[in-house]
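Structural features, examined
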Amino acid sequence: MERTPFGTTRDGRAVDKIILDNGTLRCSLLTYGATLRGLVAQGKRGPVDTVLGFDHMEDYEAQDKFMGAVVGRYANRIAGGRFTLDGRSYTLACNDGENHLHGGPMGFFSKVWEAEPWGECGVTFSCESGDMEEGYPGWIKASVTYCLEGGALRLLYRAVTDRTTICNLTNHAYFNLNGHSAGGAMDQLLTLCASRYTPVGPGSIPTGEIAPVEGTPMDFHCPTAIGARIDRPFRQLELCSGYDHNWVVDGEPGTLRLAAVLEGVESGIRMEVETTLPGIQFYAGNYMAGCPAGKIGAKCGRRDAVCLETQFFPDTPNRPEFPQCVLRPGEVWEHETVFRF
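Here is a short report on the structure shown in this document.

Bringing the sheet that holds strand β25 (residues 307-311) into the picture now. Judged by pairing direction, the sheet is antiparallel, and its five strands sit side by side in the order β19-β18-β21-β24-β25 without closing on themselves. The open sheet has two free edges, formed respectively by β19 (211-212) and β25, since each of these has just one partner strand. Here strand β18 (residues 196-198) pairs with strand β21 (residues 244-248) via three bridges, running antiparallel. Bridge assignment links tyrosine 197 to a residue of β21, and that residue is tryptophan 247.

Dropping the structure here:
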């Protein structure tokens, strides 16, 4: 593990860059947001950095796309910034129109995490969030371990609390398997191991329905170019300016299983996503415009990369019909996601 200074936040917190390299994959991480800044895999013409990121600390603070960060305490949206838990109502900051998104304006993505070596080629990031921070009940300690094992990057999430709360952690990396500076990502081939998804209404809040993908542009059972159907006149795509939805991963939640496969046509790189979580948010980068320039000045524009965020479903605290993400004292929130190349 190689650790060097990366910069300083506006309020004076020192941020480090950490490099993991096992000879097959090379991973660049930041203590700011426990961020995945780069991930180099071998393509048919040589090494390819498959993850978008920035060269300067000020760009991470300037952007609002959660670039590569671990987001929480609750990833994705909570309708109206409100939920009820054990009969008590809680109000959260609304940072996505009328809704709460990715833990709020000062969520886990903006924390400087502690970092310690883990195993032969890994690092564990940890942070704490106080009782009622961003409106959430209970102190919580969260950690995410990044480790390289052969051709896989494994993420191990863990959280504990002293008061009943909700927890939903994910990584918000932007992938372009043809390279972080390759431009448009719509020719990448995507497979989703999901027979169902959760349709949304205005504001990208789930309606509560769990709908079949068959016969719709949401069906990615077979490898399909992301851009092939993204602009079709289908109401769900119109609501989100393209794909930005939660798919219900086939198989038993809590077991590590295949959720998605992404393939870069130019690079020949194939990435499998495995998870123990019940859902995966596929986001096609519809709102990436306005990002600062990326690494080595690369453009970070609309649909130049995609996200595959393993998760509990959006707005779960307000949807008792969805798998629940309540964390109670004495319990451990543990989940795993693997990016396998």
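Within soluble globular proteins, side chains that are nonpolar tend to cluster in buried spots. One finds Phe125, Tyr146, Tyr243, Trp247, Phe282 and Leu308 to be the most contacted residues of the largest nonpolar core, which totals 74 residues. If one sorts the elements of this core by residue count, strand β13 (residues 140-149) sits on top with five residues. When neighbours within four sequence positions are excluded, phenylalanine 125 is seen to be in contact with Ile18, Leu29, Leu30, Thr31, Ala34, Trp113, Glu114, Ala115, Ala142, Ser143, Val144 and Tyr146. In this structure, Phe6, Val15, Tyr32 and Phe54 belong to the second largest nonpolar core, which totals 16 residues.

If you add up the space inside the largest pocket, you get close to 390 Å³. Residue lining of the largest pocket: 19 residues in total, with Arg77, Asp96, Leu101, Asp244 and Tyr287 positioned closest to the centre. Those elements that place two or more of their residues in the lining of the largest pocket are α2 (235-240) and β24 (279-283). Of the residues contributing to the lining of the largest pocket, the split by class is seven nonpolar, six polar and six charged. Here the second largest pocket is characterised by a volume of approximately 280 Å³. Taken together, 14 residues form the lining of the second largest pocket, with Tyr32, Glu61, Pro105, Phe109 and Ser110 sitting closest to its centre.

About the cut-offs
Residues numbered from 1 in each chain as written. Predicted model: local features only at pLDDT ≥ 70, side-chain atom pairs only at ≥ 80, totals over all residues. Heavy atoms only, no water. Pairing = 2+ DSSP bridges. Helix = DSSP H or I, 4+ residues; strand = E, 2+ residues; numbered from the N terminus. Core = buried A, V, L, I, M, F, W, Y, C linked by side-chain atoms within 4.5 Å. Buried < 20%, exposed > 50% of the residue type's maximum accessible area, 1.4 Å probe, protein only. Contact = heavy atoms within 4.5 Å. 1 Å grid on protein atoms, 1.4 Å probe; cavity = no way out; pocket = protein on both sides within 12 Å on 5 of 7 lines; lining within 4 Å. Points joined across faces, edges and corners; volume = space filled by probe spheres on them. Nonpolar A, V, L, I, M, F, W, Y, C, P; charged D, E, K, R; others polar.

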